[in-house]
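Remarks on the overall topology
In case you want the letters, here they are:
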Amino acid sequence: MWAEALKGHLDTMLLSVLERGPLHGYAIIEALRVGSSGRFDLPTGTVYPALHRLERAGLVRGSWSVVSGKRRRTYRLTPAGRRTLTYDRGAWSEFASAVGSVLEMGWSTTR
Amino acid sequence: MVDHPLIDGYLSDLAAAMPGPARWRQSVLDEARDSLLEAMETHLRIAADPSEAARQVIGKYGPVPVVVAAFVPEAAAQRAKYAGLFMFLAMPALAELWYVAVHLHPAIDWHGGNAAVRVAGVLLGISVAIALFGSLGSIVCATRSRRCS
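What you see is a predicted model, and the numbers here were worked out from it, not measured in a lab. (Residues numbered from 1 in each chain as written. Chains lettered and ligands numbered in written order. Predicted model: local features only at pLDDT ≥ 70, side-chain atom pairs only at ≥ 80, totals over all residues. Heavy atoms only, no water.)

1. With respect to the packing of aromatic side chains
Per the counting criterion, the structure on display carries 4 aromatic pairs over all chains. Ring geometry for A:Trp92 versus A:Phe95: centroids 5.8 Å apart, planes at 45°, classification tilted. A residue pair is termed a helical-turn pair when its members lie 3 or 4 positions apart in one helix, as A:Trp92 and A:Phe95 do in helix H5 (residues 79-103) at 3 residues. Its relative accessible area of 45% is what places A:Trp92 among the partly exposed residues. Judged by centre distance (6.0 Å) and plane angle (75°), the rings of B:Trp24 and B:Phe71 are edge-to-face. Taken together, the residues B:Trp24 in helix H2 (residues 22-46) and B:Phe71 in helix H4 (residues 64-104) connect sequence positions 47 residues apart. Judged by its relative accessible area of 8%, B:Trp24 is buried. Through pairs of rings, three or more aromatic residues link up here, namely A:Tyr48, B:Tyr10 and B:Tyr61. (Phe/Tyr/Trp six-rings, centres within 6.5 Å; stacked < 30°, edge-to-face > 60°. Helix = DSSP H or I, 4+ residues; strand = E, 2+ residues; numbered from the N terminus. Buried < 20%, exposed > 50% of the residue type's maximum accessible area, 1.4 Å probe, protein only.)

This is how it looks when you write it as structure tokens:
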């Protein structure tokens, strides 16, 4: 259920995690899991394609380095990614507030 | 470095099933390997049995068909980028071949009254233009997905 609900928001959440600074893939996924108190525990392998898609869109930049003898790819937010995150955050806030208003409204039934 | 035959087996299955250009595929597999080994190190701090840790890590990474399916659009974009680049680079070679063909057969009057030759020239021009715009378009789509979605 969570995985389905996440589909439209994963990109924004990934950008948000990277706002704090450059991270490698596994650290991004762990940050997502910890930040959601374990609710967003997606199959790790399906998050990497989203990172690649964001890179192709110019919103994040990936670079390879060698850490403790292992090749590691680190992602960082680009200026375009930062702008997109600001816009998406505003849009989400507006949307969540509108949905919340409707859901919490006290409806009276009329016949 | 923490390694395990189960992780190696999983990566081999992933490599066999992953579509896309070889260089891009290798980079996907390197990243998968790094992620699995990093997760393995974390799991070994909790679970003492390396085989159990490897099974958990692989389970969390996801079944091979699910992971491959998630990568399919990216693999297609990479193929489009390579195809576009190939078409773009092939164009000067195509023009050169036509130039050679024309000079090898000077008897053909390209500007004269032969209607078939004139039509062929126009068709050639149109096909080169389509190839040029097509290749540039696919390169742009493959590198900046949001512009084409």
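2. Section: the confidence of the model for chain A
Of the residues in chain A, 90% reach a pLDDT of 70 or more, and the chain-wide mean stands at 88. The secondary structure element of chain A with the lowest average pLDDT is helix H1 (residues 2-6) of chain A, at 65, and the one with the highest is helix H2 (residues 10-18) of chain A, at 94. (pLDDT = per-residue confidence, 0-100.)

3. Structural notes on the interface of chain A and chain B
Interface size is often expressed as the accessible area that is lost when the parts come together. On the side of chain B, 28 residues touch chain A, which itself brings 29 residues to the contact. For the pairing of chain A and chain B, the buried interface totals around 2400 Å² over both sides, and the portion due to carbon and sulfur atoms is 51%. For the pair chain A and chain B, the number of links is 6 salt bridges. Salt-bridge contacts for B:Glu38 lead to A:Lys70; the nearest nitrogen and oxygen are separated by 4.0 Å. Elements with a contribution of two residues or more to the side of chain A that touches chain B: helix H3 (25-35), helix H4 (47-56) and strand S3 (70-77) of chain A. Residue classes in the side of chain A that touches chain B are distributed as 10 nonpolar, 8 polar and 11 charged. (Contact = heavy atoms within 4.5 Å. Buried area = accessible area lost by both parts, 1.4 Å probe. Salt bridge = Lys/Arg side-chain N within 4 Å of Asp/Glu carboxyl O. Nonpolar A, V, L, I, M, F, W, Y, C, P; charged D, E, K, R; others polar.)

4. Description of empty space enclosed by the protein
Tallied over the full model, the rule gives 1 cavity of 30 Å³ or more. In this structure, the largest cavity spans a volume of roughly 80 Å³. Surrounding the largest cavity, A:Tyr26, A:Ile29, A:Glu30, A:Asp41, A:Thr44, B:Ser35, B:Leu36, B:Ala39, B:His43, B:Val57, B:Lys60 and B:Tyr61 form its lining. Looking at the lining of the largest cavity, the elements that each hand over two or more residues are H3 of chain A together with H2 and helix H3 (50-61) of chain B. (1 Å grid on protein atoms, 1.4 Å probe; cavity = no way out; pocket = protein on both sides within 12 Å on 5 of 7 lines; lining within 4 Å. Points joined across faces, edges and corners; volume = space filled by probe spheres on them.)

5. Some points on the confidence of the model for chain B
Detailed reading of predicted coordinates is not advised where the pLDDT is low. Residues and elements named next belong to chain B. Residues with a pLDDT of 70 or more make up 79% of chain B, whose mean pLDDT is 80. Predicted confidence in chain B is weakest over helix H5 (residues 115-143), with a mean pLDDT of 69, and strongest over helix H1 (residues 5-17), with 94. Across the predicted assembly, pTM comes out at 0.74 and ipTM at 0.80.

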